Amino acid sequence: MPRTPISTSDAPAAIGPYSQAVRAGDTVYFSGQIPLDPATGEIVAGDITAQARRAFDNLKAVATAAGGSLDDIVRVGLYVTDLGEFAQVNAVMAEYFASPYPARSTIEVPALPKGARFEVDAVMVLG
């Protein structure tokens, strides 16, 4: 099955040897999105809520570029550097997704690229 890379300037460019997302058949696999401003390539200022919103905005932009929307996402992975901030991240996620919610895992990690405090990846099914 061919793999089709997905790319949009409305989300940060890849900072390594990977694609923003890859489509294989009707499934789209997203690389992790951290709270980088696509215009500057810098982490957005603010607390975990601001970082989560920017990362979800980036995810939404890639979903749109792939021909879908957040409603088509079936699974998300959330990565935080402090599980004590989980309630704030959970509240932000509720702003972006409606029931039925995607499956989810949330993992505390010691560090994320560029000093981010939050990262999200996803799987989307189209069709």
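Look up: the structure comes first, before these words.
Residues numbered from 1 in each chain as written. Predicted model: local features only at pLDDT ≥ 70, side-chain atom pairs only at ≥ 80, totals over all residues. Heavy atoms only, no water.

A. The arrangement of the nonpolar core in detail. Formed by 29 residues in total, the largest nonpolar core has its most connected members in Phe30, Phe56, Leu59, Ile73, Phe97 and Phe118. Among the secondary structure elements, those contributing two or more residues to this core are strand 3 (27-33), helix 1 (48-65), strand 4 (73-80), helix 2 (86-96) and strand 6 (118-125). Among the elements that make up this core, the one with the highest residue count is helix 1 (eight residues). Beyond its immediate stretch of four places on either side in the chain, Phe56 contacts Leu78, Val92, Met93, Tyr96, Phe97, Phe118 and Val120. Of all hydrophobic cores here, the second largest spans six residues; its members include Ile34, Tyr79, Val109 and Ala116. (Core = buried A, V, L, I, M, F, W, Y, C linked by side-chain atoms within 4.5 Å. Buried < 20%, exposed > 50% of the residue type's maximum accessible area, 1.4 Å probe, protein only. Helix = DSSP H or I, 4+ residues; strand = E, 2+ residues; numbered from the N terminus. Contact = heavy atoms within 4.5 Å.)

B. Fine view of the side chain of Gln20. Note that Gln20 resides in the loop between strand 1 (3-6) and strand 2 (21-24). Assessed through its relative accessible area of 5%, Gln20 is described here as buried. Polar contacts involving the side chain of Gln20 include one to the main-chain amide nitrogen of Thr8, which spans 2.6 Å. When residues no more than four places from it in sequence are discounted, the contact partners of Gln20 are Ile6, Ser7, Thr8, Ala11, Pro12, Ala13, Phe30, Ser31, Gln33 and Val62. (Polar contact = N/O pair within 3.5 Å; in protein donor to acceptor, adjacent residues only side chain to side chain.)

C. Looking closely at the sheet that holds strand 3. Pairing is mixed across the open sheet formed by six strands, whose spatial order is 1-2-3-6-4-5. Among the strands making up the open sheet, the edge pair consists of strand 1 and strand 5 (103-108). Going across the sheet, the axis of each strand differs from the next one's by a mean of 15°, ignoring polarity. Direction of pairing for strand 2 relative to strand 3: antiparallel, over a ladder of four bridges. (Pairing = 2+ DSSP bridges. Axes fitted to C-alpha atoms, helices over the stretch in contact; angles between N-to-C directions.)

D. Geometry of unusual backbone geometry. With an omega dihedral of 0°, the bond running from Ser99 to Pro100 counts as a cis peptide bond. Positionally, Pro100 belongs in the loop between helix 2 and strand 5. The phi dihedral of Lys114 falls on the positive side, at around 60°, and the residue is not glycine. Mapped onto the fold, Lys114 is located in the loop between strand 5 and strand 6.

E. Expanded view of the pattern of salt bridges. All chains considered together, the criterion is met by four salt bridges. In this structure, Arg23 and Asp26 form a salt bridge, with 3.4 Å as the shortest nitrogen-oxygen distance. (Salt bridge = Lys/Arg side-chain N within 4 Å of Asp/Glu carboxyl O.)

F. Structural context of the side chain of Thr49. Within the element layout of this structure, Thr49 appears in helix 1. The exposure class assigned to Thr49 is buried, which follows from its relative accessible area of 16%. Beyond its immediate stretch of four places on either side in the chain, Thr49 contacts Gln88 and Val92.

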